[in-house]
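Okay, here's what each chain looks like letter by letter:
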Amino acid sequence: MQAPQRAARRVMRFGVFEVDLHARELRKRGIKIGLQQQPLRVLALLLEHAGEVVTRENLRQAIWPAGTFVEFDVGLDAAIHKLRAALDDSAESPRFVETLPRRGYRFIAAVDGVAQPLEESPLQRKVVVWAVGLAVAAALLLALDHGGLYDRLRGRPPSATPPSIAVLPLTNLGTDASDAALADGMTEELIGILARLGQVRVIAGTSVFGVKGRPIDVRRIADSLRVSHILEGGFQRVGSRLRLQVRLVDARDGSTRWSATYDREMKDVFATQDELAGAVARELEVRLEGRTGSNLLRHRTRNIEAYELYLRGHDLTLHFTDSGLRAGLEYFNQAIALDSTFAAAYAAAARGYALLGWSGNPGFSLGELRTRAEAAVRKALALDDSLAEAHAALGVILMLWRGDPTSAEAEARRALALNPAEPRVHEQLAHIALLTGRPTDVLAEARLGLEADPLSPTAITMVARALYRNGRCDEALAQLQPVAGLRPPVRWAVLTAGLCFAEQRRWPEAIAALRQGGETGGVHGRTMLGFVLAQSGQQQEARQILAELLARQQRSGNLASDVAIVHAGLGDFDGAFTWLNRAADEGPALATTPLLEEIMGPAFRDLRRDPRFERVRKRLGLSR
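Since the structure is predicted, the reported quantities are computational estimates derived from the model, not experimental observations.

About the thresholds
- Residues numbered from 1 in each chain as written.
- Predicted model: local features only at pLDDT ≥ 70, side-chain atom pairs only at ≥ 80, totals over all residues.
- Heavy atoms only, no water.
- Helix = DSSP H or I, 4+ residues; strand = E, 2+ residues; numbered from the N terminus.
- Buried < 20%, exposed > 50% of the residue type's maximum accessible area, 1.4 Å probe, protein only.
- Contact = heavy atoms within 4.5 Å.
- Salt bridge = Lys/Arg side-chain N within 4 Å of Asp/Glu carboxyl O.
- Arc of directions from axis to C-beta.
- Pairing = 2+ DSSP bridges.
- Axes fitted to C-alpha atoms, helices over the stretch in contact; angles between N-to-C directions.
- Core = buried A, V, L, I, M, F, W, Y, C linked by side-chain atoms within 4.5 Å.
- Phe/Tyr/Trp six-rings, centres within 6.5 Å; stacked < 30°, edge-to-face > 60°.
- Lys NZ or Arg CZ within 6 Å of the ring centre and 35° of its normal.
- Expected span 1.5 Å × (residues − 1).

Observations concerning the overall build of the protein chain
Argument step 1. Helix and strand counts for the protein chain come out as 26 helices and 14 strands.
Argument step 2. Counting all 624 residues of the protein chain, 51% fall into the buried class.
Argument step 3. Considering only contacts within the protein chain whose residues lie at least 6 apart along the sequence, 60% involve residues at least 24 apart.

So this is what it looks like as structure tokens:
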């Protein structure tokens, strides 16, 4: 295909959509749909060559030219994924964008274009020339005022990439050790506020807390997180007052670009955060576009005591331990008792109950967890329907307790629209794609999550799981190297490594990894060990594990899918389907879902070839 020429048509229509190539807008039934420029440029190129194959190389040359600092495969996969989301399209049953494996893409719907632009009169031509002149002048002024002038005055070349920032954990400068939780909570709040600015990439909390307590080498930290700026500082509370000392560091040379000290009453903490975000935005030459005051903040309360409890709870739930989640829930519920209109606290509580369901010792029955989570998320949404955390929590509930992946994905995408910088939502979307058997989408979402949170063990592991699901075990094992030495091990990291080794028939390594996973992952780790032992021919030990699972199932239930998986490993498909149907009888449940994901993976290809699989898949809520 020849390099694309500039299209004479300005508007192109297909289905209920139209694309204005001049205004660079996508509209659905006349209503503008938000779509970033990269996926919009991909769409324009596909439309200009509708019905033809547009190769990945064509797209790279046209949209990612030589010298552009971006990982092309990741960038294109993400652009296609966002484009499909905007068009409500799917890779499996495309209505618009068809994927041709290892070749490229083709736009398959009928396209209508508005006719050639009308012939212009001499007066119109004068108006156009005058308007273009103004536009050029405005562009020059904008270039001077939007980063270029700052760089030139310092003898630096203008930055060619959008600004990016990592907020390092605030140091507790006070003598009260309990204020460390407040400092960490304040760090998370600042990350959330800056993420809502738009136009700037903000690294998620998991990655920045990974450098907490280490000697600060700004250049090295910025390089590992791939950011242009670092915000660091300290927090101190004395009685009713707070002091916040911060500085913005330019990662290119380690120089301080801006610094400030805020010495305020604690009751003014919200206004202080807003002021700090505005100052950082100005220094990064980011236009706020009206995003000030409560539009930037997510606190939704003016009760300082409730806010402090919320921050303490948020800090405790960061690491997803059973004890931390339970203690965090106590703080969230105390915050709600002080302010019954605190929407973010209700959303955090709903998330906490949901995460407890994944643990081996939640302290609540699954029925009680579901009731509490659903009540909390309903209250959060009733108080504030624009709260991203509430929509994300609802997505978890819809997927894991309601077995409704379509609605779950819609809620997760609503959360992303409200807060594009939240990496956990990308992991949530990747989990939904895992459950519904869409390996390409798993990889695209996992990579977006890792881009926002590059040092997060869970984000790294999710990319490895996605690579495994796409049959790329060598890459998956390489991806897991940064988390291989963590103690305790990351549960799904060792399980994914074990399954990859099993796919490669490296049985001793697979069994060793899964024994480690059994120690970390409890009963589910033992289940996967039993499956691989059976696959490797060690059926006696596999049957011993099956007997353990049956005994536990008889005592407490909720292990039907575990029993089914070991039966599948033993080649007993009748037994596997009997227990999968029993899992469906029990209904979607957090305790079983982590393993239900695995039956969509390569290890269970033989099980999926059985005609009974599609029926039980629908019963389990694993179909879109």
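There is more to say after this.
Some words on the pattern of salt bridges
Argument step 1. Overall, the coordinates contain 33 salt bridges when judged by the stated rule.
Argument step 2. In this structure, Glu57 and Arg60 form a salt bridge, with 2.7 Å as the shortest nitrogen-oxygen distance. Here the residue Glu57 and the residue Arg60 both occupy positions in helix α2 (residues 56-63), the gap between them amounting to three residues, near one helical turn.
Argument step 3. A salt bridge links Arg619 to Asp585; the shortest N-O distance between them is 2.6 Å. Residue Arg619 is found in helix α26 (residues 612-619), and its partner Asp585 is found in helix α23 (residues 573-586); the two are separated by 34 residues along the sequence.
Argument step 4. Beyond isolated ion pairs, a larger network of salt bridges with shared partners links Arg13, Glu18, Asp20, Glu25 and Arg27.

Some thoughts on helix α7 (residues 218-225)
Structural remark: α-helix, 3.6 residues per turn; residues separated by three or four positions point the same way.
Argument step 1. Listed as buried for α7 are Val218, Ile221, Ala222 and Leu225. Down the axis of α7, the sector holding all buried residues measures 100°, keeping them to one side. Across from the buried face of α7, at angles greater than 90 degrees, the exposed residues are Arg220 and Asp223.
Argument step 2. Residue Arg226 follows α7 closely and has a positive phi angle near 55°.

Topic: the sheet that holds strand β6 (residues 97-100)
Argument step 1. Read across the open sheet, the three strands follow the order β5-β7-β6; overall the sheet is antiparallel. Where the open sheet ends on each side, the last strands, each with one partner, are β5 (53-55) and β6. Taking the axes of each pair of neighbouring strands and ignoring which way they run, one obtains an average angle of 30° across the sheet.
Argument step 2. The pairing of β5 with strand β7 (residues 104-107) spans three bridges and is antiparallel. Looking at β7, one finds that Val53 is bridged to Arg106.

Section: the nonpolar core
Argument step 1. Ile165, Ile230, Leu231, Trp258, Tyr310, Val532 and Leu580 are the most contacted members of the largest nonpolar core, which has 153 residues in total.
Argument step 2. The element contributing the most residues to this core is helix α20 (residues 507-535), with 12 residues.
Argument step 3. The next biggest cluster of nonpolar side chains, apart from the first, holds 27 residues, and it includes Met12, Ile33, Ala79 and Ala109.

A word on the packing of aromatic side chains
We describe a pair of aromatic rings using the distance from one ring centre to the other and the angle between the two ring planes.
Argument step 1. Scanning the model with the defined rule gives eight aromatic pairs in all.
Argument step 2. Measuring from ring centre to ring centre gives 5.6 Å for Phe14 and Phe17, while their planes differ by 25°; the resulting arrangement is stacked.
Argument step 3. Classification of Phe17 by relative accessible area gives buried; the value is 4%.
Argument step 4. Relative to Phe107, the ring of Phe96 lies with its centre 6.1 Å away and its plane at 25°, an arrangement referred to as stacked. In this pair, Phe96 is assigned in the loop between α3 (72-87) and β6 and Phe107 in strand β7, connecting sequence segments 11 residues apart. Pair check on accessibility: Phe96 and Phe107 agree, each one buried.
Argument step 5. The positively charged end of Arg582 is found above the aromatic ring belonging to Trp579, 4.1 Å away from the centroid.

What to know about the environment of Ala584
Argument step 1. Tracing the backbone shows Ala584 in helix α23.
Argument step 2. With 181 residues separating them along the chain, Ala584 and Gly403 place their C-alpha atoms 10.0 Å apart.

Considerations on helix α21 (residues 539-556)
Argument step 1. Its 18 residues give α21 an end-to-end C-alpha distance of 25 Å, which sits within 8% of 26 Å, the value for a rise of 1.5 Å per residue.
Argument step 2. Positive backbone phi, approximately 70°, marks Gly557, located one or two places after α21.

Structural notes on unusual backbone geometry
Argument step 1. At Arg226, a residue that is not glycine, the phi angle is positive and equals roughly 55°.
Argument step 2. Mapped onto the fold, Arg226 is located in the loop between α7 and β12 (229-238).
Argument step 3. Relative accessible area serves as the criterion here: at 49%, Arg226 is assigned to the partly exposed category.
Argument step 4. Not every positive phi belongs to a glycine, and Arg505 is a case in point at roughly 60°.
Argument step 5. Of note, Arg505 is situated in the loop between α19 (491-503) and α20.
Argument step 6. The class for Arg505 is exposed, based on a relative accessible area of 60%.

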